[in-house]
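# A closer look at the structure
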Amino acid sequence: MSDVELQSKKPKKSAKAGDPASEARLFALAENRVAIEGVEPEIDGGRFAVKRVVGEPLTVSADIFCDGHDKIDAALIYGPAEVDPAKWSEVKFEFVENDRWQATVTFDRPGPYRYSIIAWRDLYASWRDEAKKKRAVGKLTDLELIEARELVAKAADSGRGTRADQRGLAKLSEKLEKLGQKGDHEGQYALLASDEAIGLLMAAGHRTHLSRYPGQVPVWVDRERAAFSAWYELFPRSQSGDAGRHGTFDDVIARLPDIEAMGFDVLYFPPIHPIGVTNRKGKNNSLKAEPGEPGSPYAIGGKEGGHLAIHRELGTFDDFHRLIDEAKKHGLEIALDIALNASPDHPWIKEHPEWFDWRPDGTIKYAENPPKRYEDIVNFHFYRGALPSLWFAMRDMFLHWMKHGVRIFRIDNPHTKAYPFWEWVIGEARKVDPGVIFLAEAFTRPKVMKRLAKVGYNQSYSYFTWRNEKWELAEYLTELTTEECAEYMRPNFFVNTPDINPIYLQTSGRPGFRTRLALAASLAGNYGIYSGFELCEFLPIPGKEEYLNSEKYEIRAFDWHAEGNIRDDIVFFNRLRKDEAAMKDFRSLAFFNFWNEQVLYYGKRTKDRSSYLLFMVNLDPHHDQGGHFEVPLWEFGLPDDATIHATDMATGNAFAWTGKIQHWWLNPQDRPYAVFKLSR
């Protein structure tokens, strides 16, 4: 047997009384007597922030309990992250059931916050409980009343509460002493059980065995647009109305009233930087551009500059500033696409070769993704010689555009860049403007998408684009709204993108476009369309989820009011989103029974049910669908045979449903969706 094994079998010496380390641990454990555990929400043990927007409730729950039978109480403490916790605000926890407690708070401005939990033995509440029982059987004695008077006196010395509380306690103590001298048991009890006494002891009473949750849980609070927005994407170069003339920022300004009329609040541009010439892509993604072809805006950088510059044919910075200002007048914010890649002509390649990957023969490595070829693009390298100089340059690039009035960024392929970089650079941008918004364009693995949301992204692309069946839509939305990711990941449901022409839209005709719009606009807090969707543009490259004659590689012109458009549907849903409070809470979603697998049926509602909307969407673009469904009378506290009022929000018709089981029919050619507002 080894010396180590022999040593392990020797009995350990007991800690002697007065042993400083053991004594300190003893008192620390003894004082932290109330158990606080099972805290929610808390992301990865507090490693990442829970997310809310200004005014949105944060409900914190925890298991809180103590040994013995004494009453306990608890409070949620919270405040700005930079403020000393001793100065944080406090809100009382309420008991729920089975040792579960909860408290709800809101925040009044964007920025970083933290919360924690304190709990204590409430000896005054315990006294009241015992005294009430003893009094009921005639066993309340002088001794119990003396104990109560001591608790009041101790509260006066607790240092808690306001000066008014302390004066109130002094008066209370004086009254109790006088009643005690008279031997007035009932008078003392009535005073000690009064609302006045309970309020004073709650505000200033001694918190016995005050225990603290060991962590401070971070919370990031955004402005509302981070959680609730309607995006419209367009290529500025295609806004002239003439495919033979490159569009300008002034052409975009001319379109602002039209975009405002549809009800959008975010106007999003693909990259607006100079475009490289080397290996420039041609029409329909051909590997060779013909003379005069504009190239892909994602091949960033040329002799005019790179990520800090504007493509000269779009206009100047003065023109861009005018666009920003005019957009605000129309209720629109400009969002910029930031792609962290470069054309082979980007100035940074010569200035900072250490920021890129090079092959053994001295040539630069292209951003190939076999079988796809992106030889008009090269990638940055975020480590080796690029750390930290590239990181600082990218930070300064974001701050540069923020100085020029941009507060929303859509990031191209963020999952191919370092997560630590995103956590750092988003944090740096937030120091300058806590209202800045980052959207992650990451159609990738679920855990990767969620990691990007954790490290700071305010919004995330999602799998919605490929969810078409009833079961998969319900399953995916249930995950997004009820699982832990709902605390930090806000999806943005884009119905299409310049890169993605979904098969469903290629094969469903105009009804399918209306269906997908209805789903995106009503299910999600954030949603978006790429221009052309309102015209039901669908022509694909055969066999691919890509657009034929894509704007990524050529300038196009459109008649934005062409026959067959679905602008009225867009206006309807965007107005509904703005008018109905229920639409602003992504997590208020609930699915209900409709006995037809081709009809998705769900509700959005406020807690007080003042805004309660039901949606029925026909997922089959080719056939009428209908069936029986359940009216959620139980959500209004009504029996199954009750009557409830409903308004068809698309037509304005008002009627009543009597009984839980009703029937509805949806014709995709007429209108593939129905929206009802319920009221008692």
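The following paragraphs examine the structure supplied in this document.

Here is what the cut-offs are and how they apply
- Residues numbered from 1 in each chain as written.
- Predicted model: local features only at pLDDT ≥ 70, side-chain atom pairs only at ≥ 80, totals over all residues.
- Heavy atoms only, no water.
- Patch = residues over 30% accessible without salt bridge, like charges linked within 9 Å, V, L, I, M, F, W, Y side chains within 5 Å.
- Areas by Shrake-Rupley, 256 points an atom, 1.4 Å probe, with all protein chains shown as cover.
- Salt bridge = Lys/Arg side-chain N within 4 Å of Asp/Glu carboxyl O.
- Helix = DSSP H or I, 4+ residues; strand = E, 2+ residues; numbered from the N terminus.
- Core = buried A, V, L, I, M, F, W, Y, C linked by side-chain atoms within 4.5 Å.
- Buried < 20%, exposed > 50% of the residue type's maximum accessible area, 1.4 Å probe, protein only.
- Contact = heavy atoms within 4.5 Å.
- Pairing = 2+ DSSP bridges.
- Axes fitted to C-alpha atoms, helices over the stretch in contact; angles between N-to-C directions.
- Phe/Tyr/Trp six-rings, centres within 6.5 Å; stacked < 30°, edge-to-face > 60°.
- Lys NZ or Arg CZ within 6 Å of the ring centre and 35° of its normal.

### Notes on a nonpolar patch on the surface
A surface patch of nonpolar side chains, amounting to about 250 Å² of accessible area, comprises F538, L539 and L548. With respect to the element layout, L539 can be found in the loop between β20 (526-530) and α16 (567-579).

### So, the nonpolar core
Soluble globular proteins tend to pack their nonpolar side chains together in the buried interior. By size, the foremost hydrophobic cluster in this structure holds 134 residues, and its most contacted members are I64, F409 and W422. The contacts of I64, once residues within four sequence positions are left out, are V34, A35, I36, I72, A74, F93, D99, W101, I117 and A119.

### Description of the sheet that holds strand β23 (residues 612-618)
On the basis of which strands lie adjacent, the open sheet formed by six strands has the order β21-β22-β23-β28-β25-β26 and antiparallel pairing. Both outer strands of the open sheet, β21 (590-591) and β26 (654-658), are each paired with one neighbouring strand and no more. Bridge count for strand β25 (residues 643-648) against strand β28 (residues 673-679) is four bridges, and the pairing is antiparallel. Its bridge partner being in β28, T647 is matched across the sheet by K677. Together, β21, β22 (599-605), β23 and β28 form the strand contacts of helix α15 (residues 503-523), whose direction differs from that of β22 by roughly 30°.

### Looking at the pattern of salt bridges
As enumerated under the stated definition, the model contains 45 salt bridges in all. With a closest N to O distance of 3.1 Å, E333 and R225 form a salt bridge. With E333 in strand β13 (residues 333-339) and R225 in the loop between β10 (217-222) and β11 (229-233), the pair connects residues that are 108 residues apart, well separated along the chain. Judged by its relative accessible area of 16%, E333 is buried.

### Some details on the sheet that holds strand β7 (residues 100-105)
Strand order in the open sheet formed by four strands is β1-β3-β7-β6, and the pairing between neighbours is antiparallel. In this open sheet, the two edge strands, each paired with only one partner strand, are β1 (35-40) and β6 (94-97). The mean angle between the axes of side-by-side strands here comes to 35°, regardless of whether they run parallel or antiparallel. Where strand β3 (residues 58-65) and β7 come together, six bridges link them in antiparallel fashion. In the sheet register, A62 faces β7, and the bridge partner there is W101.

### Concerning the environment of I253
Along the chain, I253 turns up in helix α8 (residues 249-262). Between the alpha carbons of I253 and A327 there is a distance of 7.4 Å; along the sequence they are 74 residues apart. Those residues in contact with I253 that lie beyond four places of it in its chain are R322, L323 and E326.

### Here we look at the packing of aromatic side chains
Going through the model one piece at a time under the given rule, you end up with 54 aromatic pairs. Both rings, one in Y463 and one in Y476, keep their centres 5.7 Å apart while their planes meet at 35°; by these two values the pair is tilted. Highlighted residues: Y463 in the loop between β18 (459-460) and α14 (470-482) and Y476 in helix α14, separated in sequence by 13 residues. Grouped by ring-pair contacts, the aromatic residues F382, Y383, W391, F392, F398, F409, F421, W422, W424, F438 and Y457 constitute a single cluster. We note R516 situated over the ring of F464; from NZ or CZ to the ring centre the distance is 4.2 Å.

### Focus: unusual backbone geometry
Following E40, the chain continues into P41 via a peptide bond in cis, with omega recorded as -5°. The omega angle of the peptide bond from L387 to P388 is 10°, so this bond is cis rather than trans. Locating P388 in the fold gives a position in the loop between β15 (378-379) and α11 (389-403). Of note in this structure, D44 is not a glycine but carries a positive phi near 50°. Tracing the sequence through the fold places D44 in the loop between β1 and β2 (50-53). A relative accessible area of 38% places D44 in the partly exposed class. Within the chain, N279 stands out as a residue other than glycine whose phi angle is a positive 55°. As for its placement among the helices and strands, N279 is situated in the loop between β12 (266-269) and α9 (317-329). Using a relative accessible area of 29% as the deciding quantity, one classes N279 as partly exposed.

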